[in-house]
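# A closer look at the structure
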Amino acid sequence: MAFAMSPQLLDGCVLAVLSHGDAYGYILTQQVKSQLDISESTLYPVLRRLQRDGMLKVYDRPYQGRNRRYYAITPVGRTQLSRRREEWVRFRDGVEELLKEDEQDGQTYLFG
């Protein structure tokens, strides 16, 4: 079963990858795809939106006679990443609490 990925969570994942260093599009998408079941065509609009919102800066570098487009996280992006991490922890903890198993009988209870 696949879980839907919200735009905010996907933004956070992309920002987290870039928090470790600048990356060009192909490598960035491969790093995200190595952990998430997502297509490259989904990620490029995310990158454009993050750039438009000031969370990423973009620059080109020549490589073997062509330009590679690199993405770098900005200070605004780092602030948003910090917020997304805090939101993720609250969300994750809430889901884990709702789905936890009763340790006595191995039953999973959603309520009560």
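The numbering scheme is per chain: residues are counted from 1 as the chain's sequence reads. Totals for whole chains, interfaces and linings use every residue, but because this is a predicted model, local features are given only for residues with pLDDT of at least 70 and side-chain atom pairs only at 80 or more, for both listing and counting. Only hydrogens and water are set aside when side-chain values are computed; all heavy atoms of the structure are taken into account.

## A few points about the side chain of T29
Rule in force here: Numbering of helices and strands starts at the N terminus; helices are DSSP runs of H or I of at least 4 residues and strands are runs of E of at least 2. Throughout, a residue-residue contact means that at least one pair of heavy atoms, one from each residue, lies within 4.5 Å.
Along the polypeptide, T29 turns up in helix α2 (residues 25–33). For T29, the contacting residues outside a window of four places in its chain are E40, L43 and Y44.

## Focus: the sheet that holds strand β3 (residues 66–73)
Formally: Any two strands are treated as partners once DSSP identifies two or more bridges connecting them. The convention used is that axes are lines fitted to C-alpha atoms, helices contributing only their stretch in contact, and that angles between N-to-C directions extend from 0 to 180 degrees.
As summarised here, the arrangement of the 3 strands in space is β1-β3-β2, forming an open sheet in which the pairing is antiparallel. Both edges of this open sheet fall to β1 (23–24) and β2 (56–63), since each of them pairs with a single strand only. Lying over the sheet, helix α3 (residues 40–52) contacts β2 and β3, oriented at roughly 120 degrees with respect to β2.

## Quick look at the nonpolar core
Operational definition: The nonpolar core is taken to be a set of buried Ala, Val, Leu, Ile, Met, Phe, Trp, Tyr and Cys residues, with the residues joined through side-chain atoms within 4.5 Å. The rule is simple: take the accessible area with a 1.4 Å probe, protein chains only, and divide by the maximum for that residue type; under 20% is buried, over 50% is exposed, in between is partly exposed.
By size, the foremost hydrophobic cluster in this structure holds 18 residues, and its most contacted members are V14, L15, L18, L28, V32, L50 and L56. Ranked by residues supplied to this core, first place goes to helix α1 (residues 7–18) with 5 residues. Those residues in contact with V32 that sit more than four places away from it in its chain are V14, V17, I38 and L43.

## Regarding the packing of α1 against α2
Condition: In what follows, roughly perpendicular refers to angles from 65 to 115 degrees, roughly parallel to angles under 35, roughly antiparallel to angles over 145, and oblique to any angle outside these ranges. The hand of a helix crossing depends on one turn: near helix anticlockwise from the far one by less than a right angle means left-handed, and clockwise means right-handed.
Closest axis-to-axis distance for the α1/α2 pair is 10 Å, and the angle between their directions is 120 degrees. When the axis of α1 is compared with that of α2, the two are oblique. Pair α1 / α2 crosses with right-handed handedness. Note on element contacts: α2 touches α1 through L28, Q31 and V32, opposite V14, V17 and L18.

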